[in-house]
Amino acid sequence: MSIQWYPGHMARARRLVQENLKLVDVVIELLDARIPASSRNPLIGKIVGGKPHLVVLNKEDLADPHLTRLWLDWFRGCGLPALVVDSTRRKGVAEVPMLVRRLVEDKIASLAARGRRPPNPRCMVVGIPNVGKSFFINALVGSRVTRTGNRPGVTRGQQWVRLARGVELLDTPGVLWPKFDDPQVALKLAATGAIKEEVFDVEEVAAWLAEWLLQSFPASLKERYRLEELPAQGHRVLELIGAKRGLVGPGGVVDSYRAAVHLLKEFREGRLGRFTLDVPPG
Ligand SMILES: Nc1nc2c(ncn2[C@@H]2O[C@H](COP(=O)(O)OP(=O)(O)OP(=O)(O)O)[C@@H](O)[C@H]2O)c(=O)[nH]1
Ligand SMILES: [Mg+2]
């Protein structure tokens, strides 16, 4: 599947992330719990350098709970602190300030040992488009409307927000790009809504998703669309969905584009169930 992307735009966004990174002690890497691998920027290690970073799996309400547990274990096994959240319901976010503070404990202790008063730990959120950065930040900030003033060095318009435990958060997240080179990754990003629909073939992505559901969760498809029999191919599933939902054009022919849009929408809303498309390595 080909995706039109904009290298200039991506490079600019990454530069901005790198500038803001200089101002923080901890990076919060926000991933989509449905695609923890595909929603990672493979250069994240290089981008954050030696800085401590925390992995947050967002949209846990849409992901398979069993696989989410395996992913958490996997990240922790890699030495990365990780937690899961549902930013729309503010579930899990209260733990974040404590974890951020824990990540800078050594730095604070060494400053204190030298008789210096440690400054408040500062952090920022980075993640790919549509992963939920704005929702996550809003959930974290909650009713803490007292924003601290602009600090020198921060791009105009950006501010620090004081969270619990004295932790400060840069209110503007850093946008990272995923890696589209692997066609499977591109399909998963498109299916979960990380990529704008103008830049990919909606029918191709929906047919791939239908095929994935056919192989992995045929019962969910049958139940949601009241299908008696399942065909062998993804695009045939789309035709059946279109017919069931009355998405037909002149002459009663199923409008496969509308059927594709419908399936993607229902999948993203979690109406077929909770699914995780990436499996942890090993
Ligand atoms: N179900 C569910 N949806 C979520 C969650 N967090 C965010 N969303 C949805 O994901 C979509 C994108 O959320 P945003 O916070 O705007 O994402 P973003 O990363 O700021 O996106 P950009 O600013 O475009 O890069 C919205 O439609 C949210 O409703 C979550 O935890 N669960
Ligand atoms: Mg946003």
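Heads up: these notes are all about the structure in this document. Values in this document were obtained by computation on a predicted structure and should not be read as measured data. (Residues numbered from 1 in each chain as written. Chains lettered and ligands numbered in written order. Predicted model: local features only at pLDDT ≥ 70, side-chain atom pairs only at ≥ 80, totals over all residues. Heavy atoms only, no water.)

**As for the environment of Leu 227**
So, step 1. Tracing the chain through its elements places Leu 227 in the loop between α9 (218-225) and α10 (234-244).
So, step 2. Leaving out residues up to four positions away in the same chain, Leu 227 has contacts with Leu 221, Lys 222, Leu 240 and Lys 244. (Helix = DSSP H or I, 4+ residues; strand = E, 2+ residues; numbered from the N terminus. Contact = heavy atoms within 4.5 Å.)

**Here's the deal with the environment of Leu 43**
So, step 1. Tracing the backbone shows Leu 43 in the loop between β1 (26-32) and α2 (44-48).
So, step 2. Linking Leu 43 and Leu 176, residues 133 residues apart in sequence, is a C-alpha distance of 9.5 Å.

**Points about the pairing of strand β2 (residues 53-58)**
So, step 1. Across the 6 residues that make up β2, a large majority, 6, are buried.
So, step 2. Neither face of β2 is exposed, since His 53, Val 55 and Leu 57 on one face and Leu 54, Val 56 and Asn 58 on the opposite face are all buried.
So, step 3. Across 6 bridges, the pairing between β1 and β2 is parallel. What sits directly across from Glu 29, in β2, is Val 55.
So, step 4. In terms of strand pairing, β2 meets strand β3 (residues 82-84) through 3 bridges, oriented parallel. From the neighbouring strand, Val 55 faces β3, where its bridge partner is Ala 82.
So, step 5. What joins β2 to β3 is helix α3 (residues 65-77), and the crossover it makes is right-handed. (Buried < 20%, exposed > 50% of the residue type's maximum accessible area, 1.4 Å probe, protein only. Pairing = 2+ DSSP bridges. Right-handed = clockwise from strand over helix to strand, strands pointing away.)

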